[in-house]
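Breakdown of the fold
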Amino acid sequence: MTPPLDKPDYWSQATQELAAADAVMAQLIALYPDVSLRTRGDAFHTLARSIVGQQISVKAADSIWSRLATCLGEVSSAAVLATDVDALRACGLTQRKVEYLSDLARHHVEGRLDPTAWLAWDDEAVIKELVSIRGIGRWTAEMFLIFYLARPNVLPLDDIGLIRGIAEHYHNGERKPRAELKQLAQLWQPWCSVATWYLWRSLDPVPVEY
């Protein structure tokens, strides 16, 4: 069963303040009035989906995830560990991603993935803990912060969609250095996760989910 999705409780306040601070954000928010970021109450599911989505498009990731869910019946750590590597590869996963998912699943079944302990931690402390797991880099950890912990002020500067969205909506398609992206994001404080989500939404017909 796919975990249910929940709207962050800060969403309405965030959209109002972003729209007041940034005219581009105001336009994007107005374009998508009935959708929002949705978080899942399943840490393994969020991290697994983030691993599947590493370095590929949202559309490709959704396709692979759909095949994986069909193959496993339920995307869980036990199901991943019980499934043959070739069957996982047949879903469209690379060998490296199969290894990453398996390592994540082992962490989970052994009780080493316990996000309840992280609720009081700051963002950087959670990222440091997560990147100790093989296959989880900063980008994947940031997706976890956004889509599981619902942290409101995450700016994933390594995210291709965010970089592209800023280029298209703020700089006539020109991609700017990280320093300029950070400077622009000052307009979005303390709601960078929300601004990032709207930029993603402007690029893809289906809302991004992890």
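Since the model is a prediction, treat every value here as computed from it, not as a measurement. (Residues numbered from 1 in each chain as written. Predicted model: local features only at pLDDT ≥ 70, side-chain atom pairs only at ≥ 80, totals over all residues. Heavy atoms only, no water.)

All right, on to the overall build of the protein chain then. A tally of helices and strands in the protein chain yields 12 helices and 2 strands. The order of α-helices and β-strands along the protein chain, N terminus first, is β-α-α-β-α-α-α-α-α-α-α-α-α-α. Here the C-alpha coordinates of the protein chain stretch approximately 50 × 35 × 35 Å along the principal axes. Of all 210 residues assigned to the protein chain, the portion counted as buried reaches 49%. Taking all contacts inside the protein chain whose residues are at least 6 apart in sequence as the whole, residues at least 24 apart take part in 69%. On the protein chain, roughly 10,200 Å² of surface is accessible, and the fraction owed to carbon and sulfur atoms is 50%. (Helix = DSSP H or I, 4+ residues; strand = E, 2+ residues; numbered from the N terminus. Buried < 20%, exposed > 50% of the residue type's maximum accessible area, 1.4 Å probe, protein only. Contact = heavy atoms within 4.5 Å. Areas by Shrake-Rupley, 256 points an atom, 1.4 Å probe, with all protein chains shown as cover.)

Moving on, we get to the packing of aromatic side chains. The full count for this structure, using the stated rule, is 9 aromatic pairs. Between the aromatic rings of W118 and F144, the centroid separation amounts to 5.7 Å while the plane-to-plane angle is 70°, which identifies the pairing as edge-to-face. A residue pair is termed long-range when its members are at least 10 positions apart, and W118 in the loop between α7 (95-109) and α8 (123-130) and F144 in helix α9 (residues 138-147) qualify at 26 residues. F144 matches W118 in its accessibility class, with the two residues each being buried. A network of ring pairs unites the aromatic residues W118, W121, F144 and Y148 as a single cluster. (Phe/Tyr/Trp six-rings, centres within 6.5 Å; stacked < 30°, edge-to-face > 60°.)

As enumerated under the stated definition, the model contains 10 salt bridges in all. A salt bridge links R112 to E110; the nearest nitrogen and oxygen atoms lie 2.6 Å apart. For R112, a relative accessible area of 44% translates into the label partly exposed. For K176, the salt bridge identified is with E174, shortest N-O distance 3.4 Å. For K176, a relative accessible area of 24% corresponds to the partly exposed category. Several salt bridges converge on common partners, so that one network encompasses E124, R138 and E142. (Salt bridge = Lys/Arg side-chain N within 4 Å of Asp/Glu carboxyl O.)

Of the positions making up helix α11 (residues 178-185), those classed as buried are L181, L184 and A185. In a view along the axis of α11, the buried residues occupy a sector of 100°, so they form one face of it. Residues of α11 that are exposed and point more than 90 degrees away from the buried face comprise A179 and Q183. Against α10 (160-170) and α12 (192-203) lie the buried residues of α11. (Arc of directions from axis to C-beta.)

On to the environment of V80. Assignment of secondary structure puts V80 in helix α5 (residues 77-82). With 111 residues separating them along the chain, V80 and W191 place their C-alpha atoms 35 Å apart. Those residues in contact with V80, other than ones at most four positions away along the chain, are F44, L72, L88, L101, S102 and A105.

The subject of this paragraph is empty space enclosed by the protein. A complete count under the given rule lists 1 cavity of 30 Å³ or more for this structure. Within this model, the largest cavity holds a volume of roughly 60 Å³. Surrounding the largest cavity, R49, V52, G53, V58, A61, D62, V208, E209 and Y210 form its lining. Secondary structure elements with two or more residues in the lining of the largest cavity: α3 (43-52) and α4 (58-72). Ranked by residue count, the leading element in the lining of the largest cavity is α4, at 3 residues. Within the lining of the largest cavity, the residues separate by chemical class into 5 nonpolar, 1 polar and 3 charged. (1 Å grid on protein atoms, 1.4 Å probe; cavity = no way out; pocket = protein on both sides within 12 Å on 5 of 7 lines; lining within 4 Å. Points joined across faces, edges and corners; volume = space filled by probe spheres on them. Nonpolar A, V, L, I, M, F, W, Y, C, P; charged D, E, K, R; others polar.)

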